[in-house]
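Take a look at the letters that make up each chain.
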Amino acid sequence: MTEHTNPEGKERIGVYVCHCGTNIAGMVDVEDVATWAARELADRGVVIARDYKFMCSSLGQELIEQDIKEEGLTRVVVAACSPHLHEATFRKACANAGLNPYLCELVSIREQVSWVHTDKVAATEKSKAVLSGGVERVIHHEPLEPLHVPIHPATLVVGGGIAGIQAAIEVADAGYPVYLVEREPSIGGHMSQFDKTFPTLDCSACILTPKMVTAGTHPHIKLFSYSEVTNVDGYVGNFTVTIRKKARHVNEELCTGCGICQEKCPKKVIDDVYEAGLGYRKAVYTPFPQAVPKFPVIDVPNCIYFQKGTCKACEKFCPTNAIDFQQEDEYVTVQVGNIILATGFDLFDPRVVSQYGYGRLANVFTSLEFERLTNAAGPTNGEIVLRDGVTKPTSVGILHCVGSRDRNYNNYCSVICCMQSLKFAHLVHERTGATVYNFYIDMRTAYKEYDEFYQRVLEEGTLFVRGKVAEVTDAARLPQEEGKLIIQVEDTLASVQRRIPVDMVVLSAAMVPRHDAHEVAQLFGISCSSNGWFIEKHPKLDPVATMTEGIFIAGCVQGPKDIPSSVAQGAAASARVLGRIQQGEIALEPVRATVDESKCSGCRICNNLCPYNAILFHEDRMVTEINPALCQGCGTCVAACPAGAISGTCFSNEQIFAQIEGLMRVNFQHEKLAEMA
């Protein structure tokens, strides 16, 4: 510890430099930085400078609290890790000692110095410069108070897959109202299309349907199926959401779900959604027998009445007169305090990987098509057959990682492909006795009982070939290849090229973000990653929150995951929401932008730039106003304003310029020493 008496009239600043074990001290001479700060920054108000092995520990925080009380510190600068990790920690320490928490500045000498340098001398000098910038900046800090916003007890859940259902039930079970919005006619999502779930092989419908029924009948859940969110206004605790209820052309109050309308409808169409193109449905339909709600939907583009003005068979035979051809879309506005997004994923289109022949070779199937083949309620009643609908395969090739772990398409792992492919192999053995080949890059069976399932499939006789398949073709070279699909692959374990003829090929396609993910993100004021998944607040410490307060994410909107992980994340998001509701209000960071109306020219340049829709324009006064509850302090408007009428709290021009001057201070000192030499 080094102490100095600061000149009269200046702020009394305490400087604390963390070793972070060897994370910082391994590349930075921490003691030298602390000694330098006490000596060289005394004229800037530094009265005490300490170094400590772990400043974030209880003892490290107690040091700060004690110095604030005993030394009368008016400002604190901590040189440690990223503010994202521990800014709240040191602000709390300051508050405990009676100092306004926003008079604390945290500068990063770990991520921005130690971890990016290999020269200890250079890293130490850079640490001094960064610390000097923090000291100059903190002088201009002002005491702030958090903004307190009341929380509306209702919650909006967007997406009725298993993650959304779980989140809705958790909140509703706590006694709070939930609006559950699903764009399809029924909730259930992709899980409703599966027959078995790995690794336990329990029936997907058997474990999902009770959840669906609970969500559909819960007294605290208002279900909006066949609906979409069209507009979102407001801020955390007070969102105003507009929901478009698409016209079913069926009166839900009169309909009993008897199914007569579907039975009598003469028009059959290919079901590209639920049956993945393998089966048919009527022009008036419910997606599957266990659908929630039970009410059917009229498919307007395929309905004979809407196309030709004739038929009306469904209306004629409906015993309750529930068919309503004149029904129109309805718009409903609701107030909610928090929003959970669980809109799921899309399946990668394997047609893009043309060498695998999907869409060109008849007996190449996607993983979702195969799920429908194996489902007892599917188009073949669970029989695994070729495209002719009759022939059972005697040999099946299952290709892992189609469209994932591939720099040409998606560089990430889709998480479920290995286990899904193992499940397929088991089902083929169980129902056909066919020879099964699994073509994999690496086998990833990381979770509970997953590897045990892999061992089980091995014992069942599945043949595993390690290597990325180069091509699937029907061009035979040998007599035994005639009429077969030939899989060309390099077996990397044996270092040989193989041509393996099979009757059926199943492609384990990647999970990809929904096609409208960017539009949905923009609607709710959040961001997408370069891959298209919604971005969480922190990938490890806060995976269900987003950078927009009050907006949470769950399930595969964040990235590929299996059913247990989706359920867990849905429950986690609901727990975060319930915590907010039970508190009654939330304290928001006061780091916000403000407008000096006397300088505002009404140019409106900033109006369309705000990613959080926090900017309003008053036509009568021709000035811009920023809603502090919506603003996240990103600074976009501050940088864009040509008149300099907008300033950012904690990021004022004075603070930024002072920090730059502090950063340059070390360089100026070196130049002076060089001149003296």
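Here the structure is a predicted model, which means the values were calculated and not measured.

**Details of the nonpolar core**
For soluble globular proteins, nonpolar side chains are generally found buried alongside one another. In this structure, L399, F439, V472, M504 and V505 are the most contacted members of the largest nonpolar core, which totals 53 residues. Summarising the domain contributions, this core has at least three residues from each of domain 2 (147-246 + 329-344 + 517-588) and domain 4 (349-512). In this structure, V505 is in contact with N363, V364, F365, G397, L399, V472, L485 and I487, ignoring residues within four places of it in sequence. Formed by 47 residues, the second largest nonpolar core is a distinct cluster that contains I24, A34, V76 and A80.

**Structural notes on a nonpolar patch on the surface**
Together, F651, I656, F657, I660, L663 and M664 make up an exposed nonpolar region whose accessible area comes to about 520 Å². With respect to the secondary-structure elements, F657 resides in helix α16 (residues 653-676).

**A look at the sheet that holds strand β13 (residues 238-245)**
Strands pair in a sheet through their backbones, by hydrogen bonds, and they do so in one of two ways: parallel or antiparallel. Judged by pairing direction, the sheet is antiparallel, and its 3 strands sit side by side in the order β12-β13-β18 without closing on themselves. Two strands bound the open sheet, and with one partner strand each, they are β12 (227-235) and β18 (330-336). The average angle at which neighbouring strand axes cross in this sheet is 20°, direction not considered. Two elements, β13 and β18, share 7 bridges in a ladder whose sense is antiparallel. Residue pairing in the sheet places R244 in a bridge with Y331 of β18.

**Quick notes on the sheet that holds strand β26 (residues 485-491)**
The strand order across the open sheet formed by 3 strands is β25-β26-β27, and the pairing between neighbours is antiparallel. Two strands bound the open sheet, and with one partner strand each, they are β25 (469-473) and β27 (496-502). Ignoring which end each strand starts from, the neighbouring axes of this sheet average 20° apart. Summarising the sheet, β25 and β26 pair through 4 bridges and their orientation is antiparallel. Bridge assignment links E471 to a residue of β26, and that residue is Q488.

**With respect to the state of the cysteines**
Counted under the stated rule, the structure contains 0 disulfides. C418 supplies the cysteine sulfur nearest to C401, a cysteine that is in no disulfide, at a spacing of 5.6 Å. With no disulfide partner, C528 has as its closest neighbouring cysteine sulfur the one in C556, 14 Å distant. You can call C528 buried: its relative accessible area is 17%.

**Section: the domain arrangement of the protein chain**
Per the domain assignment, the segments making up the protein chain are domain 1 (13-145 + 658-665), domain 2 (147-246 + 329-344 + 517-588), domain 3 (248-327), domain 4 (349-512) and domain 5 (592-648). Relative to domain 3, the C-alpha centre of domain 2 lies at a distance of 28 Å. If you look at the interface, domain 2 gives 15 residues, while domain 3 gives 11 residues. Taken over both partners, the interface formed by domain 2 and domain 3 buries close to 1,200 Å², and the fraction arising from carbon and sulfur atoms is 59%.

**Brief notes about unusual backbone geometry**
At the junction of F198 and P199, the peptide bond is cis and its omega measures out at -5° in the coordinates. With respect to the secondary-structure elements, P199 resides in the loop between β9 (196-197) and β10 (202-203). Following V292, the chain continues into P293 via a peptide bond in cis, with omega recorded as 5°. Within the secondary structure, P293 is located in the loop between β16 (284-285) and β17 (297-298).

**A look at the pairing of strand β3 (residues 46-52)**
Counting buried residues along β3, 5 of its 7 residues qualify, which places the element largely inside the surrounding structure. For strand β2 (residues 13-18) and β3, the ladder comprises 6 bridges, and the chain directions are parallel. Its bridge partner lying in β3, I13 is registered against V46. Between the parallel pair β2 and β3, the chain is carried across by helix α1 (residues 30-40), and the sense of this crossover is right-handed.

**What to know about the packing of helix α2 (residues 58-71) against helix α3 (residues 83-96)**
One can describe the packing of α2 onto α3 by two numbers: an axis separation of 8 Å at closest approach and a directional angle of 40°. Judged by the twist between their axes, the crossing of α2 over α3 is right-handed. For the pair α2 and α3, the contacting residues are Q61, I64, E65, I68 and K69 in the first and T89, F90, A93, C94 and N96 in the second. Tallied by class, residues from the contact of α2 with α3 come to 5 nonpolar, 3 polar and 2 charged.

**A closer look at the pattern of salt bridges**
Counted under the stated rule, the structure contains 38 salt bridges. With a closest N to O distance of 2.8 Å, E111 and R110 form a salt bridge.

**A few points about α3**
The terminal C-alpha atoms of α3 lie 19 Å apart, and with 14 residues this matches the ideal 20 Å at 1.5 Å per residue to within 8%. Turning to α3, its buried residues number three or more, namely T89, F90, R91, A93 and C94. Those residues of α3 that are buried are in contact with α2, β4 (75-80) and β5 (104-108). Where α3 terminates, the next one or two residues include G98, which has phi positive at roughly 90°.

**Details of the packing of aromatic side chains**
Taken as a whole, this structure holds 13 aromatic pairs when the rule is applied. Ring centres 6.3 Å apart and planes at 25° place the aromatic pair Y437 and F439 in the stacked group. Of the residues examined, Y437 reaches a relative accessible area of 18% and is grouped as buried. Taken together, the aromatic side chains of F198, Y447 and Y450 make up a single cluster linked through ring pairs. Lying across the ring of F317, K264 places its NZ or CZ 5.0 Å from the centre. Taking the ring centre of Y285 as reference, the NZ or CZ of R281 above it sits at 4.0 Å.

**So, the environment of T320**
Positionally, T320 belongs in the loop between α9 (313-317) and β18. In this structure, the C-alpha to C-alpha distance between T320 and G433, residues 113 residues apart in sequence, is 49 Å. In contact with T320, not counting residues within four places along its chain, are L254, C255 and T256.

Conventions adopted
Residues numbered from 1 in each chain as written. Predicted model: local features only at pLDDT ≥ 70, side-chain atom pairs only at ≥ 80, totals over all residues. Heavy atoms only, no water. Core = buried A, V, L, I, M, F, W, Y, C linked by side-chain atoms within 4.5 Å. Buried < 20%, exposed > 50% of the residue type's maximum accessible area, 1.4 Å probe, protein only. Domains from an automatic or database assignment. Contact = heavy atoms within 4.5 Å. Patch = residues over 30% accessible without salt bridge, like charges linked within 9 Å, V, L, I, M, F, W, Y side chains within 5 Å. Areas by Shrake-Rupley, 256 points an atom, 1.4 Å probe, with all protein chains shown as cover. Salt bridge = Lys/Arg side-chain N within 4 Å of Asp/Glu carboxyl O. Helix = DSSP H or I, 4+ residues; strand = E, 2+ residues; numbered from the N terminus. Pairing = 2+ DSSP bridges. Axes fitted to C-alpha atoms, helices over the stretch in contact; angles between N-to-C directions. Disulfide = S-S within 2.5 Å. Buried area = accessible area lost by both parts, 1.4 Å probe. Right-handed = clockwise from strand over helix to strand, strands pointing away. Left-handed = near helix turned anticlockwise from the far one by under 90°. Nonpolar A, V, L, I, M, F, W, Y, C, P; charged D, E, K, R; others polar. Expected span 1.5 Å × (residues − 1). Phe/Tyr/Trp six-rings, centres within 6.5 Å; stacked < 30°, edge-to-face > 60°. Lys NZ or Arg CZ within 6 Å of the ring centre and 35° of its normal.

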